[in-house]
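Given next are the chains, with one letter for each unit.
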Amino acid sequence: MNHTIDKAKFKESVIYNVKSIYRRTIEEATPAMVYQAVALAVKDTIIDCWIATQKEYAKQDAKTVYYMSMEFLTGRFLGNNIINICAQKEIKEALSELGFDLNVIEDQERDPALGNGGLGRLAACFLDSLATLGYPAYGCGIRYRYGMFKQQIKDGFQIEVPDEWLKDGYPFEIRRAEYSTEVKFGGYVETEWDGKRSRFVQKGYQSVMAVPYDIPIVGYGNNVVNSLRIWDAQPVNTFSLNEFDKGNYQKAVEQANLAKTIVDVLYPNDNHYAGKELRLKQQYFFISASVQRAVKKYMESHDDIHKFHEKNVFQLNDTHPTVAVAELMRILLDEQGLEWDEAWEITTKTCAYTNHTIMSEALEKWPIELFSRLLPRIYQIVEEINRRFIEEIKKTYPGDNEKIRKMAVIYDGQVRMAHLAIVGSFSVNGVARLHTEILKNQELKDFYNMMSEKFNNKTNGITQRRFLLHGNPLLADWVTSKIGSEWITDLSHIRKLAVYAEDEKCQQEFMNIKYQNKQRLAKYIKEHNGIDVDPRSIFDVQVKRLHEYKRQLMNILHVMYLYNQLKDNPNLDMIPRTFIFGAKAAAGYKIAKLTIKLINAVAEVVNNDRSINGRLKVIFIEDYCVSNAEMIFAAADVSEQISTASKEASGTGNMKFMLNGALTIGTMDGANVEMAEEVGEENMFIFGASSDEIIAFEKNGGYHPMEIFNNDQDIRRVLMELINGYFAPHDPELFRDIYNSLLTTNFGNRPDPYFILKDFHSYAQAEAKIDKAYRDEKWWARTAILNTASCGKFSSDRTIEEYVRDIWNLKKVTVNLK
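Predicted model only: the values in this text are computed from it and were never measured. (Residues numbered from 1 in each chain as written. Predicted model: local features only at pLDDT ≥ 70, side-chain atom pairs only at ≥ 80, totals over all residues. Heavy atoms only, no water.)

### Looking at the overall build of the protein chain
Here is step 1 of the chain: Within the protein chain one finds 34 helices and 23 strands.
Here is step 2 of the chain: For the C-alpha atoms alone, the extent of the protein chain along its principal axes is close to 90 × 75 × 60 Å.
Here is step 3 of the chain: In the protein chain, buried positions account for 61% of the 818 residues.
Here is step 4 of the chain: Pairs at least 24 apart in sequence give 77% of the contacts found in the protein chain among residues at least 6 apart.
Here is step 5 of the chain: Carbon together with sulfur atoms contributes 48% to the accessible area of the protein chain, which is approximately 32,200 Å² in total.
Here is step 6 of the chain: Each charge class in the protein chain was averaged separately, 101 positive and 111 negative side chains, and the resulting centres sit 2 Å apart. (Helix = DSSP H or I, 4+ residues; strand = E, 2+ residues; numbered from the N terminus. Buried < 20%, exposed > 50% of the residue type's maximum accessible area, 1.4 Å probe, protein only. Contact = heavy atoms within 4.5 Å. Areas by Shrake-Rupley, 256 points an atom, 1.4 Å probe, with all protein chains shown as cover. Lys, Arg positive; Asp, Glu negative; His and termini not counted. Charge placed at Lys NZ, Arg CZ, Asp CG, Glu CD.)

Here it is as structure tokens:
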């Protein structure tokens, strides 16, 4: 916002809020109370811009993107909003005068539990960029009551507990009950004649009310405020007094419980039928509500539904929201009374699909039985989409039944959501150049050959405003002192830092900032883990969702290998190293959860072994989330981006580390490839098999991990330690499943499906190079500065401009406050 905050008025507002919410004076208020009061005072400042923005959009009849995503991993809003309204200095001083520290107040906010991993964080970065660039946008998602889970570590095991982020209310959200929308499940479909045509009517259904809550998304310094709209589920009839009076107390609240379940948890465990059903319900719930509302909003100010796509575009973030294709068809056919071809033309000009993975298990497929029972009308529409698409395939490839098997939307008793998205969208994009090429040449090759014009690449990006300006204020100030502040809204300017890379004084300043950030993280680790870590050691960090393809296992096996070297040779010349992990494993993902236990078991032994003189430490940071991530990125020396080549679509953590001056050890996978182009391979530690080699092994076989085990005594020793009780003396069999996953065939799966043993020595050599390189302080400082300076391409601002240019076709809107 361009207007400055009146400090005296802001203080008055905070004092008044404390009094009116808590009936206390400011002197009696706790930091948690002051957080609520400050957040409301900041919201007051934002609201005028929020109203003005929406009025300007309406006045200009601006085309809007609806970014539909199962997750939005926003991080805390207070600090980010203060930065984006350009009021940090004033608010910090105002609070200081009231006797409070802004950092302490920011720490009172719980991270909104609306997401889990990179998918949700990307969505949040995109919303930040859309607002900062002045493009009309809504984020559409679910208001999860408990998120995925809050992670606790007990005896080294992950324990999932509810994340009660809404317990004290959320000051930035606004309930918009006037836009409540009914969403229907189950029942059956009847055909009725209305005098002109047959109409399809869903009957005997159960329904819930979707009630939207809007959270402001504040653009940086430009008065633009977009909305993140998250839907809560409420019963149509909250309470049956009739049943209650009969003593049927459970039945009296049955409707309420049914609704509540839909929004309780992100990604409910789906290794049972009820979990699968709940996931599909969630997806349809927020999509139906969002699409219904978008159509209604359009029709309030337009009379021709045929032009809907000229003013609206739906970006489907992965396969979860792809039922939007069928839902928009349902509304156009059944409620707007269009013919199929008209409705299909509008739909396929409105929907665009982002593919986020080549892992086939993540491309959702629903059993027909479940899908048709839960969404009877939607299933009819999907069947018709499928029938017509198969006709097209037959026309293009006469007699080729193999094509139908590979491409049909419904096949083998399943609805394939990725196929529905591709057929029903005008654009299909991957999220890094390598990923998009693999989609075109492997996973989605048949679709690419048939409709190549739909395919395009949009390499992911991150918002420098959260991950440098907010997350690393020391470095942000230093960057601004050297090159000015344009980088905040145009990261390409950061390239100008490169001229300082060889400057000795700048190198010292840069490394001194890194050291201060390492001290900050060391303090956090001492408070949360009770372990002393040396900020002079190399901070070697891997923080991301726990998944086998991301290979946290390879990292900890390498730590075991290093520990063995230290035990064999106590005088080993090695720079002290602190290995830092942070990761949540999905509740039903056994081997991932066992990997967390292994990391903690190794930590227990290594951190308590006095004979190695603290030269090796292993830290597992509990409940990894955006807030502690900001602190971790700022403090890292080394960034572990070690996925099996061809498996990571893009990665964005890799970019956050790079922006903060960490050096990457990584495979040529995802966006690592493009990072290497920007900074130069000689300024990264690249290792491992290439994506072509991995794909060839998967296709033709020829990889035998047991041969490596038999012929390599270092690897054999590390793997034997998994089953001889070395790290689990009370239960030597504890890690047997991990051992087996690397060496034996499981349920038809190949042993070591992610090529850990294949890449192990290449990885160990790259890690040894890091040890050597870190000794050359000048080289390291120069390279760290160059990494930060080479990040310009990886801003989500650049990504969004490409979406706008190639897919969405939006116009920038300027908001002036009267």
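### Quick word on the nonpolar core
Here is step 1 of the chain: Ranked by internal contacts, the top residues of the largest apolar core, which has 158 residues, are Val-42, Met-68, Phe-285, Phe-314, Phe-371 and Trp-808.
Here is step 2 of the chain: In terms of residues, this core owes the most to one element, helix α2 (residues 31-60), which gives 13 residues. (Core = buried A, V, L, I, M, F, W, Y, C linked by side-chain atoms within 4.5 Å.)

### Some words on the packing of aromatic side chains
Here is step 1 of the chain: Tallying each qualifying case throughout the model produces 31 aromatic pairs.
Here is step 2 of the chain: Each ring, one from Tyr-67 and one from Phe-126, has its centre 5.7 Å from the other, and the planes form 80°; the classification is edge-to-face. Taken together, the residues Tyr-67 in strand β1 (residues 64-68) and Phe-126 in helix α6 (residues 118-133) connect sequence positions 59 residues apart.
Here is step 3 of the chain: We classify Phe-126 as buried; its relative accessible area is 0%.
Here is step 4 of the chain: Pairing Phe-467 with Phe-633 gives two aromatic rings, centres 5.8 Å apart and planes at 75°, and the pair type is edge-to-face. Separated by 166 residues along the polypeptide, Phe-467 in helix α20 (residues 464-470) and Phe-633 in helix α25 (residues 626-635) bring together distant segments of the chain.
Here is step 5 of the chain: Overall, Phe-467 belongs to the buried group, its relative accessible area being 3%.
Here is step 6 of the chain: Using a relative accessible area of 2% as the deciding quantity, one classes Phe-633 as buried. (Phe/Tyr/Trp six-rings, centres within 6.5 Å; stacked < 30°, edge-to-face > 60°.)

### Some points on the sheet that holds strand β22 (residues 663-666)
Here is step 1 of the chain: Strands sit in the order β20-β19-β18-β21-β22-β23 across an open sheet of six strands; the sheet is parallel. Looking at strand neighbours, the two that pair on one side only are β20 (616-621) and β23 (685-686), the edges of this open sheet.
Here is step 2 of the chain: Set on the sheet, helix α24 (residues 590-607) makes contact with β19 (577-582) and β20; between it and β20 the angle comes to about 140°.
Here is step 3 of the chain: Those strands touched by helix α33 (residues 777-789) are β21 (638-641), β22 and β23, and its axis lies near 85° from that of β22. (Pairing = 2+ DSSP bridges. Axes fitted to C-alpha atoms, helices over the stretch in contact; angles between N-to-C directions.)

### Observations regarding a nonpolar patch on the surface
Here is step 1 of the chain: On the surface, a cluster of nonpolar side chains totalling about 320 Å² of accessible area is made up of Leu-241, Phe-244 and Tyr-249.
Here is step 2 of the chain: Structurally, the position occupied by Tyr-249 is in helix α8 (residues 249-252). (Patch = residues over 30% accessible without salt bridge, like charges linked within 9 Å, V, L, I, M, F, W, Y side chains within 5 Å. Salt bridge = Lys/Arg side-chain N within 4 Å of Asp/Glu carboxyl O.)

### Topic: the packing of helix α12 (residues 324-335) against helix α13 (residues 340-350)
Here is step 1 of the chain: In contact at an axis separation of 9 Å, α12 and α13 are set at 140° when each is read in the N-to-C sense. When the axes of α12 and α13 are compared, the pair comes out oblique. Crossing of α12 over α13 shows right-handed handedness. Along the contact surface, α12 presents Val-325, Leu-328, Met-329, Leu-332 and Leu-333, while α13 presents Trp-340, Ala-343, Trp-344, Ile-346, Thr-347 and Thr-350.
Here is step 2 of the chain: Each residue belonging to the contact of α12 with α13 can be placed in one class, and the counts come to nine nonpolar, two polar and no charged. (Parallel < 35°, antiparallel > 145°, perpendicular 65-115°, else oblique. Left-handed = near helix turned anticlockwise from the far one by under 90°. Nonpolar A, V, L, I, M, F, W, Y, C, P; charged D, E, K, R; others polar.)

### Some words on unusual backbone geometry
Here is step 1 of the chain: At Arg-23, a residue that is not glycine, the phi angle is positive and equals roughly 55°.
Here is step 2 of the chain: Looking at the secondary structure, you find Arg-23 in the loop between α1 (7-22) and α2.
Here is step 3 of the chain: In this model, Asn-809 sits at a positive phi of 60°, which is unusual for a non-glycine residue.
Here is step 4 of the chain: Along the chain, the position of Asn-809 falls in the segment after α34 (796-808).

### A short note on the pairing of strand β8 (residues 198-203)
Here is step 1 of the chain: Across six bridges, the pairing between strand β7 (residues 188-193) and β8 is antiparallel. Within β8, the position partnered with Glu-192 by the bridge is Arg-199.
Here is step 2 of the chain: Here β7 folds back onto β8 in antiparallel fashion, the turn holding four residues, of which Gly-195 has a positive phi close to 95°.

### Re helix α32 (residues 756-775)
Here is step 1 of the chain: Here α32 is 20 residues long and its end C-alpha atoms lie 28 Å apart, about the 28 Å a rise of 1.5 Å per residue gives.
Here is step 2 of the chain: Of all the bends in α32, the greatest, near 30°, is centred on Ser-762.
Here is step 3 of the chain: Among the residues of α32, Ile-756, Leu-757, Asp-759, Phe-760, Tyr-763, Ala-764, Ala-766, Glu-767, Ile-770, Asp-771, Ala-773 and Tyr-774 are the ones counted as buried. (Expected span 1.5 Å × (residues − 1). Bend = angle between axes of the 7 residues up to and from the residue.)

### Describing the sheet that holds strand β13 (residues 365-367)
Here is step 1 of the chain: Spatially, β13-β15-β14 is the arrangement adopted by the three strands of the open sheet, whose pairing is antiparallel. Unpaired on one side and paired on the other, β13 and β14 (410-411) mark the two borders of the sheet.
Here is step 2 of the chain: In the packing of helix α17 (residues 417-424) onto the sheet, contacts are made with β13 and β15 (414-416), and the angle to β15 comes to roughly 45°.

### What about the packing of helix α22 (residues 504-529) against α25?
Here is step 1 of the chain: Across the interface, α22 lies against α25 with an axial gap of 8 Å and an inter-helix angle of 140°. Considering their axes alone, α22 and α25 lie oblique with respect to each other. Our pair here, α22 against α25, has a crossing hand that is left-handed. Across the interface between the two elements, Lys-514, Asn-517, Lys-518, Arg-520, Leu-521 and Tyr-524 of α22 pack against Asn-628, Glu-630, Met-631, Ile-632, Phe-633, Ala-634 and Ala-635 of α25.
Here is step 2 of the chain: Partitioned by chemical class, the residues of the contact of α22 with α25 number seven nonpolar, two polar and four charged.

### Let's talk about the pattern of salt bridges
Here is step 1 of the chain: Within this structure, the stated rule accounts for 64 salt bridges.
Here is step 2 of the chain: Note that Lys-7 is salt-bridged to Glu-93, the shortest N-O span being 3.0 Å. Of the two residues, Lys-7 is situated in helix α1 and Glu-93 in helix α4 (residues 88-97); the sequence distance between them amounts to 86 residues.
Here is step 3 of the chain: Note on Glu-93: relative accessible area 31%, which makes it partly exposed.
Here is step 4 of the chain: Across the salt bridge formed by Asp-759 and Arg-551, the nearest N and O atoms sit 2.8 Å from each other. Pair noted here: Asp-759 is in helix α32 and Arg-551 is in the loop between β18 (538-543) and α23 (552-568), with a separation of 208 residues, a long-range link. Each member of the pair, Asp-759 together with Arg-551, is buried.
Here is step 5 of the chain: Salt bridges linked by common partners bring Arg-143, Arg-145, Glu-173, Asp-232, Lys-260 and Asp-264 together as one network.

### Observations regarding the environment of Glu-300
Here is step 1 of the chain: Structurally, the position occupied by Glu-300 is in helix α10 (residues 273-301).
Here is step 2 of the chain: Within the local environment of Glu-300, its side chain forms a polar contact with the side chain of Arg-293, the two groups lying 3.4 Å apart. (Polar contact = N/O pair within 3.5 Å; in protein donor to acceptor, adjacent residues only side chain to side chain.)

### Side note on the environment of Asp-752
Here is step 1 of the chain: Mapped onto the secondary structure, Asp-752 falls in the loop between α31 (736-743) and α32.
Here is step 2 of the chain: Among the residues examined, Asp-752 registers a relative accessible area of 2% and is labelled buried.
Here is step 3 of the chain: Sequence separation of Asp-752 and Ile-738 is 14 residues, and the distance between their C-alpha atoms is 9.6 Å.
Here is step 4 of the chain: Not counting the four nearest positions on each side in its chain, Asp-752 is found in contact with Tyr-703, Pro-705, Ser-741, Leu-742, Leu-757 and Lys-758.
Here is step 5 of the chain: Among the polar contacts made by the side chain of Asp-752, one reaches the main-chain amide nitrogen of Leu-757 at a distance of 2.9 Å.

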